[in-house]
Amino acid sequence: MSQPSQDIIQKTQHLRDQLNDWSYRYYVLDDPAVPDAEYDRIYRELQALEAEHPSLVSPDSPTQRVGDVPLEAFDQVQHEVPMLSLDNAFDDDELRAFDKRVRERLDVSGTVDYVAEPKLDGLAISLLYVDGELVRAATRGDGQTGENITVNARTIRSVPLKLRGDTLPSRLEVRGEVVMPHGGFAALNARQEEAGQKVFANPRNAAAGSLRQLDSRITASRPLEFYAYSMAQLEGVPEPATHSDMLDALRSWNLRVNPEVRVCAGVEALLDFYHGILEKR
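Each chain carries its own residue numbering, running from 1 in the direction its sequence is written. Under the rules for a predicted model, residues below a pLDDT of 70 receive no local features and side-chain atom pairs below 80 are neither given nor counted, while totals for whole chains, interfaces and linings still include all residues. Where side-chain values are given, they derive from all heavy atoms of the structure, hydrogens and water being excluded.

### Regarding the overall build of the protein
Then, number 1: Runs of H or I in DSSP of at least four residues are treated as helices and runs of E of at least two as strands, each being numbered from the N terminus. Secondary structure assignment for the protein yields nine helices and eight strands.
Then, number 2: Dimensions along the principal axes, computed over C-alpha positions, put the protein at roughly 70 × 50 × 40 Å.
Then, number 3: For the exposure calls, accessible area comes from a 1.4 Å probe over protein chains only, and a residue counts as buried if that area is under 20% of its type's maximum, exposed if over 50%, partly exposed in between. Relative to its full complement of 281 residues, the protein shows a buried share of 41%.
Then, number 4: Contacts between residues were defined by any pair of non-hydrogen atoms, one from each residue, lying within 4.5 Å. Across the protein, the fraction of contacts at a sequence separation of at least 24, relative to all contacts at a separation of at least 6, is 73%.
Then, number 5: In the form shown here, the protein has an accessible surface area of approximately 15,900 Å², with 49% of it arising from carbon and sulfur atoms.
Then, number 6: When charges are counted, Lys and Arg contribute as positive and Asp and Glu as negative, whereas His and the chain ends are disregarded. To locate a charge, take atom NZ for lysine, CZ for arginine, CG for aspartate or CD for glutamate. For the protein, the distance from the average site of its 31 positive side-chain charges to the average site of its 46 negative ones is 3 Å. Values of accessible area rely on a 1.4 Å probe in the Shrake-Rupley scheme; residue burial ignores everything except the protein chains shown.

### Quick word on the side chain of Asn254
Then, number 1: As for its placement among the helices and strands, Asn254 is situated in the loop between helix H8 (243-252) and strand E8 (262-265).
Then, number 2: Among the polar contacts made by the side chain of Asn254, one reaches the main-chain carbonyl oxygen of Lys162 at a distance of 3.4 Å.
Then, number 3: Leaving out residues up to four positions away in the same chain, Asn254 has contacts with Tyr24, Val28, Pro160, Lys162, Leu163 and Arg164. We define a polar contact as two N or O atoms separated by no more than 3.5 Å, with the added condition that, inside protein, one atom must be a possible hydrogen donor and the other a possible acceptor, whereas residues neighbouring each other in sequence contribute only through side-chain atom pairs.

### Examining the pattern of salt bridges
Then, number 1: Salt bridge, as used here: a side-chain nitrogen of Lys or Arg that lies within 4 Å of a carboxyl oxygen of Asp or Glu. Evaluation of the coordinates by the stated rule reveals 18 salt bridges.
Then, number 2: The salt bridge involving Glu45 is made with Arg41; its shortest N-O contact spans 3.9 Å. One end of the pair, Glu45, and the other, Arg41, are both in helix H2 (residues 36-52), four residues apart, so they sit about a helical turn from each other.
Then, number 3: Residue Glu45 is classed as partly exposed on the basis of its relative accessible area of 25%.
Then, number 4: In this structure, Arg256 engages Glu225 in a salt bridge whose closest nitrogen and oxygen atoms are separated by 3.0 Å. In this pair, Arg256 is assigned in the loop between H8 and E8 and Glu225 in strand E7 (residues 225-235), connecting sequence segments 31 residues apart.
Then, number 5: Among the residues examined, Arg256 registers a relative accessible area of 13% and is labelled buried.

Next up, the structure:
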């Protein structure tokens, strides 16, 4: 097989960069740059070039999201930083009591700024990036031990295969939630019912079941989305000063963050955010 010319190499890289940039615009910035048909056209062009010149295929190519061979089982992953669960407040008074404890322990007499966002109901996962490349994805499991679901996480288009930016961390572990939006859930159940297959009880079960398929091609066919909400490890760049700074850094590196995130000055602003989310629901 002949070696690709420099023009072919440059064209392949240009198409790959174009598709990755469009994905960033679509999933992270919520600002689509082109119609889906144009994305699909360029995707097929890249696919054809890589098929003709396999040496040009790279792990971060949009064409490399789906594996070919189903797994026999998931390997276990020991979390270097435990994946803990969240505590709850069931009414306004409990939240005010929490705010009081926070201010007492910080020895702050005034208000404390909080970062608020909706709690999404899906499956918590960890994404590990080394030198900007996605090298591992794992479920929460029992908080100490999860399952290696890297091949499946790669099929989710809002999970970047490669970070972007001028200054990237040498090591970054991101925590976030994989969810299935209601529209996608309804469409999936309609397809399941039409095919005579079992329908899912709710979007959370559908998301969890889709992400734990041993055949990544099944996962790729499911309407899954990922939202990042925290970091567990960060090396090679300065640590963000605040939680909101951390979310801004994640966005800048090509990771999707919930668009409803708000900084709330004090517990009353936090309660306003909460009641506003209830109205939207």
